[in-house]
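Topology and contacts: notes
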Amino acid sequence: MSWQERISAALDQRRAADALRVRAVVDNGAGRFLTRDNRRYCNFSSNDYLGLSRHPAIVRAWQQGAERYGVGSGGSGHVSGYTTAHQQLEEQLADWLGYPRALLFISGFAANQAVITALTDKEDKIVADRLSHASLLEAADLSAARLRRFHHNDVSHLQTLLATPCAGQQLVVTEGIFSMDGDGAPLGAIAEAARQQQAWLMVDDAHGIGVTGEQGRGSIAVHNVKPDLLIVTFGKGVGVSGAAVLCSEPVADYLLQFARHLIYSTSMPPAQAAALQASLAIIRSDEGDARRQRLGEHIRRFRRGTGEFSGALGESDSAIQPLIVGENARALALAQRLREEGIWVTAMRPPTVPPGTARLRLTLTAAHEAQDIDRLLEVLYAAGQ
Ligand SMILES: *Cc1c(COP(=O)(O)O)cnc(C)c1O
C-alpha cells in the first residue's frame, strides 16, 4: 500500500464506523456558554469544572506576568527557562499537596510520558487500570517495561497481576477520577495492594485536582493516600494548562536528569506559571470551597432529576456524568439533537471508550446555574421520547 492509500483507507474505515473525529471551531469553549457562529449554547462539554478559565484575578495575573516576563520562557528549564515564577509555583504545589517536590511540565500528556519512560526499565512491570488515559497507557506501551492491565477498579485482579514473577520493579498506575466514566478509583485498597508487593503507585488526578477533597487537594485527600508519584494537570479544574509531578527529593532530582520532556522542551511561559499561582490561591481559599460546593449541588440536582434514564448513567458522583448510548450513530444523533436545542455536548466514541459504549460525556461546572441543569434534563427527556 502506498502512503496515500494507507491514509485514505484509515480515514475511510473511521468514516464507515461513524468514528471520524472532526473539530468544531468555536469562539469560546470554556465556561457556562459555548459560542459558535453567533450562536450561544449552554456548555456541558468543557473540563473547566470550577469555572476558573475566565476568572478576572487569574486573567490579570497572566497579563501582569506577561508584562513582567514577556510571553515566552525563552528555553528549557535546564537552560534559561526556569524563572522565579516557576520556582514559586513548584514550591506552592509541593506545600499544598504535602510532597517534598513538584516539577512542572507543559502538559499532562508530556508529564505522563516523561515519568513512565524515565522511570521504567526492561525488567520492570507496569500494572495499569485498563481504563487509564491514553497518555498513561501509550507511555506504558512504548516503554521498555512489560504492561499488564487490570480490570477497571478491580483490586483483586491487580493483586493477581502484581503477584506474578517480575525481575525488576513494579509500578501501579491508575487515575483518581476516570476521565470518561467519572467514577473514582479505590485508592486506599490500591495503595495497600501496591505496598504489599513493594510496588510504587502513580496516580493521575487530572479530574480530581482542585475539584474534590479538602482545599481542593483532590483524590489523595478524599482517600487519604500518598502515592509515590502524583500527577496533577492544570487544564481542567485549575482552568489554565500545564501539569506537575509531585514526588520525593531523589525522584525529582532523577527526573531532572532523565525526563526528556523536561530537558528537551521549552518550559511553560512564566506568565502562565503566574496565572497558575493565582488559580491555586483561589482553589485553596473560601472561594474555592464555595465553587466546589456549587458544583456538588449541580451534580446532585442532575442525578436526582435523571429518574427514568438513570439506568444509562454511570456510577459517577463527580462532575463527569456519562450517558451511555451504545452505538456511535445514536450517540452522534443525540448530541446533534441537543445542539439543536442550544445544549453543547460531545459524543465520545471508540477508541476513546470501549466498543459499544459510545456516550455523551456530560460535564457539569460551577459556572452553570441551577436552571441550566434543569434545561439539560428537560431536553434529555424530550430527546428520549
Ligand atoms: C486530560 C488528561 C491528561 C492530559 O492532560 P493535558 O494537560 O491535557 O495534556 C492526562 N491524564 C488524564 C487522566 C486526563 O484526563
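Only a predicted model underlies this, so the values are computations on that prediction, with no experimental measurement involved.

A short note on the packing of helix α4 (residues 108-119) against helix α5 (residues 134-142)
If you want to describe how two helices pack, look at the angle between their axes and the distance between the axes. Packing of α4 against α5 brings their axes to within 9 Å, and their N-to-C directions diverge by 30 degrees. Taken together, the axes of α4 and α5 lie roughly parallel to each other. Between α4 and α5 lies a crossing whose hand is right-handed. Here F109, N112, Q113, I116 and T117 of α4 lie close against α5, whose contacting residues are S135, L136, E138, A139 and A140.

Thoughts on the side chain of D129
With respect to the helices and strands, D129 occurs in strand β4 (residues 125-129). Here D129 occupies a buried position and makes no salt bridge, while the nearest side chain of opposite charge, R130, is found at 6.7 Å. For D129, the side chain forms a polar contact with the main-chain nitrogen of L131, separated by 2.8 Å. Separated by 3.0 Å, the side chains of D129 and H152 make a polar contact. Dropping the residues within four chain positions of it, D129 is found in contact with L137, F150, H151, H152, N153, V173, T174 and F178.

A short note on the nonpolar core
One finds L93 and L97 to be the most contacted residues of the largest nonpolar core, which totals 47 residues. The greatest single-element share of this core, amounting to seven residues, is contributed by helix α11 (residues 270-284). If sequence neighbours within four positions are ignored, L97 has contacts with I209, R217, I220, K226, L230, V232 and L246. Core analysis: the second largest hydrophobic core is formed by 32 residues, I177, L313, A331 and L362 among them.

Quick look at the site of the ligand
Inspection of the region around the ligand gives 13 residues, with G108, F109, D204, H207 and K236 positioned closest. In this structure, H207 approaches the ligand through a side-chain N or O atom, which is 2.5 Å from an oxygen atom. Separating an oxygen atom of the ligand from a side-chain N or O atom of K236 is a distance of 2.8 Å. In isolation the ligand has 380 Å² of accessible area, and contact with the protein removes 83% of it. When each cavity is represented as a set of grid points, the ligand is found to reside in the largest pocket. Along the lines of polarity and charge, the residues of the shell around the ligand split into two nonpolar, eight polar and three charged.

Thresholds applied
Residues numbered from 1 in each chain as written. Predicted model: local features only at pLDDT ≥ 70, side-chain atom pairs only at ≥ 80, totals over all residues. Heavy atoms only, no water. Axes fitted to C-alpha atoms, helices over the stretch in contact; angles between N-to-C directions. Helix = DSSP H or I, 4+ residues; strand = E, 2+ residues; numbered from the N terminus. Parallel < 35°, antiparallel > 145°, perpendicular 65-115°, else oblique. Left-handed = near helix turned anticlockwise from the far one by under 90°. Contact = heavy atoms within 4.5 Å. Buried < 20%, exposed > 50% of the residue type's maximum accessible area, 1.4 Å probe, protein only. Lys, Arg positive; Asp, Glu negative; His and termini not counted. Salt bridge = Lys/Arg side-chain N within 4 Å of Asp/Glu carboxyl O. Polar contact = N/O pair within 3.5 Å; in protein donor to acceptor, adjacent residues only side chain to side chain. Core = buried A, V, L, I, M, F, W, Y, C linked by side-chain atoms within 4.5 Å. Near = heavy atom within 4 Å. Areas by Shrake-Rupley, 256 points an atom, 1.4 Å probe, with all protein chains shown as cover. 1 Å grid on protein atoms, 1.4 Å probe; cavity = no way out; pocket = protein on both sides within 12 Å on 5 of 7 lines; lining within 4 Å. Sits in = over half its atoms within 2 Å of the grid points. Nonpolar A, V, L, I, M, F, W, Y, C, P; charged D, E, K, R; others polar.

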